[in-house]
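Secondary and tertiary structure notes
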Protein chains: 2
Amino acid sequence: MSNRRDAVHAVLRQSEGFRSAQDVYAEMRAEGAKIGLTTVYRALQALADTGRVDTLRTDDGESVYRACASGDHHHHLVCRVCGRTVEVAGPAVERWAETIGSEHGFTDVTHTVEIFGTCASCSAATAEQARTPSRA
Amino acid sequence: MSNRRDAVHAVLRQSEGFRSAQDVYAEMRAEGAKIGLTTVYRALQALADTGRVDTLRTDDGESVYRACASGDHHHHLVCRVCGRTVEVAGPAVERWAETIGSEHGFTDVTHTVEIFGTCASCSAATAEQARTPSRA
DNA sequence: GCCGATTTTGACAACCATTTTCATTTACCG
DNA sequence: CGGTAAATGAAAATGGTTGTCAAAATCGGC
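Predicted model, so just to flag it, every value in this text is computed and none were measured.

As a further point, take the overall build of chain A. Across its full length, chain A carries five helices and six strands. For 136 residues, the compact-globule estimate of 2.2 N^0.38 gives 14 Å, and the C-alpha radius of gyration of chain A, at 18 Å, exceeds that figure by more than 25%. With respect to the three principal axes, the spread of C-alpha positions in chain A is 50 × 50 × 25 Å. The proportion of buried residues among the 136 residues of chain A is 40%. Pairs at least 24 residues apart make up 48% of the contacts formed inside chain A by residues separated by at least 6 positions. Carbon and sulfur atoms provide 49% of the accessible area of chain A, an area that totals close to 7800 Å². Mean positive and mean negative side-chain charge positions of chain A (15 and 18 charges, respectively) differ by 9 Å.

Right, here's the structure in full:
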């Protein structure tokens, strides 16, 4: 019964950006789902293994997952505040990485490319905060 | 006394590739150095904060550090077998990331780019292994 | 030189995401 | 229905990393 796995997948689908396992688990429990943390981890791993979700590591070492629209190779532009993510393609970068690798005699060349920034609405919110400092 | 920090830095300098904190600690102890794990972590963090060493995360979430030749922004071509690392620059990639970010209204755009592969000697060694299978 | 203040150190405990264990439940199949 | 294999999840273990705190080293000032 991959019912649980589908449920996990569904949560990711309805999310704007990358989510952590703990995060997904908390939401599912909050919604009343009967599922264990272990199962969430297993589901996410299975989904990642079969390429149905993308995964990356945050700066503090947490694994985060996202159901991406395209199954093709692509990269991400991630808002470091709200996590909203845009899928981007970069054929030039793919070629560049491949070239660099072979120039140095490396084989089986892969690469990781992620772009981080603050999205328009979040940087607006930050500016707002600066204008009305709450305290301290 | 930043003696300890210098000692940690020295270990990284004489290393070919990225090393983990635990790894550095183990080597220093093996060489008879009197140092605590906590101090190694603090030294590595301090060095990373001041930009004197580069850091990245392995697939299994471990932080690894490297004393790089150049203090300028650059990326790495890392052998996934032996860890040997080549520093590479990619002005085109820098511009690409910046462009993608601003196209989508993102500010404070940063990026991570790492290239992984198997270096010439390691792929030779692997081929060798295949020719003379030890057992199993 | 000597004493108190400040910083650095490191043994140990705490943290926390992730994994493993293992007993229970559930699905499948004749 | 039995019986077997797979899935589940509560609880414990793991392991890298960080926090705590007292002892030790360093630095002034006298």
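After presenting the structure, the write-up continues.
Turning our attention to the side chain of B:Ser15. All names here are of chain B. Looking at where Ser15 falls in the secondary structure, it is placed in the loop between α1 (3-13) and β1 (19-20). Among the residues examined, Ser15 registers a relative accessible area of 13% and is labelled buried. Side chain to side chain, Ser15 and Arg19 meet in a polar contact 2.8 Å long.

Further remarks concern the pattern of salt bridges. Residue and element names in this part refer to chain A. The full count for this structure, using the stated rule, is six salt bridges over all chains. Between Arg19 and Glu27 there is a salt bridge, and its shortest N-O distance comes to 2.7 Å. Taking relative accessible area as the criterion, Arg19 reaches 15% and is therefore assigned buried. On the accessibility criterion, Glu27 (19% relative accessible area) is buried.

Turning our eyes to something else, we now look at the sheet that holds β1(B). Hydrogen bonds between backbone atoms are what pair the strands of a sheet, whose relative direction is either parallel or antiparallel. Residue and element names in this part refer to chain B. Reading across from one edge, β1-β3-β2 is the order of the three strands in this open sheet, with antiparallel pairing throughout. Across the chains shown, the open sheet's two edge strands, defined by having one partner strand only, are β1 and β2 (54-57). In terms of strand pairing, β2 meets strand β3 (residues 63-66) through four bridges, oriented antiparallel. Each bridged residue has a counterpart across the sheet, and for Thr55 the counterpart in β3 is Tyr65.

Before going further, it helps to examine the protein's contact with DNA strand C. Taken together, 17 residues surround DNA strand C, and among them A:Tyr41, A:Ser63, B:Lys34, B:Thr39 and B:Arg42 come closest. Here B:Thr38 contributes a side-chain N or O atom positioned 3.1 Å from a base nitrogen of DNA strand C. Contributions of two or more residues to the surface near DNA strand C are made by α2 (21-30) and α3 (37-49) of chain A together with α3 (37-49) of chain B. At four residues, α3(A) tops the list of elements feeding residues into the surface near DNA strand C. Tallied by class, residues from the surface near DNA strand C come to six nonpolar, seven polar and four charged.

This paragraph deals with the protein's contact with DNA strand D. Around DNA strand D, a shell composed of 15 residues is seen, among which A:Arg4, A:Thr39, A:Arg42, B:Tyr41 and B:Ser63 lie nearest. The sugar-phosphate share of atoms of DNA strand D within 4 Å of the protein amounts to 63%. Interatomic distance of 2.9 Å between a backbone N/O atom of A:Lys34 and a phosphate oxygen of DNA strand D. Here a base nitrogen of DNA strand D and a side-chain polar atom of A:Arg42 are 2.6 Å apart. When residues of the surface near DNA strand D are traced back to their parent elements, those giving at least two are α3 of chain A together with α3 of chain B. Counted by class, the surface near DNA strand D contains four nonpolar, seven polar and four charged residues.

Moving on, we get to the interface of chain A and chain B. At the interface, 37 residues of chain A touch 37 residues of chain B. Each partner contributes to the roughly 2800 Å² buried at the junction of chain A and chain B, and carbon and sulfur atoms together form 65% of this total. At the junction of chain A and chain B, the tally comes to zero salt bridges. Run the count over chain A and chain B and you get 14 residue pairs in polar contact (both at pLDDT 80 or more). Among the elements of the structure, β4 (75-79), β5 (85-88), α4 (91-103), β6 (107-118) and α5 (120-131) of chain A are those that each provide at least two residues to the side of chain A that touches chain B. Residue classes in the side of chain A that touches chain B are distributed as 17 nonpolar, 13 polar and seven charged. Inspection of the sheet shows β6(A) paired to strand β6 (residues 107-118) of chain B by nine bridges, in the antiparallel sense. Note on β6(B): the bridge partner recorded for A:Val113 is B:Val113.

Pairing is antiparallel across the open sheet formed by three strands, whose spatial order is β1-β3-β2 (chain A). Looking at the sheet topology across the chains shown, the edges are occupied by β1 (19-20) and β2 (54-57) of chain A.

The rules behind each value
Residues numbered from 1 in each chain as written. Chains lettered and ligands numbered in written order. Predicted model: local features only at pLDDT ≥ 70, side-chain atom pairs only at ≥ 80, totals over all residues. Heavy atoms only, no water. Helix = DSSP H or I, 4+ residues; strand = E, 2+ residues; numbered from the N terminus. Rg over C-alpha atoms; globule rule 2.2 N^0.38 Å. Buried < 20%, exposed > 50% of the residue type's maximum accessible area, 1.4 Å probe, protein only. Contact = heavy atoms within 4.5 Å. Areas by Shrake-Rupley, 256 points an atom, 1.4 Å probe, with all protein chains shown as cover. Lys, Arg positive; Asp, Glu negative; His and termini not counted. Charge placed at Lys NZ, Arg CZ, Asp CG, Glu CD. Polar contact = N/O pair within 3.5 Å; in protein donor to acceptor, adjacent residues only side chain to side chain. Salt bridge = Lys/Arg side-chain N within 4 Å of Asp/Glu carboxyl O. Pairing = 2+ DSSP bridges. Near = heavy atom within 4 Å. Nonpolar A, V, L, I, M, F, W, Y, C, P; charged D, E, K, R; others polar. Buried area = accessible area lost by both parts, 1.4 Å probe.

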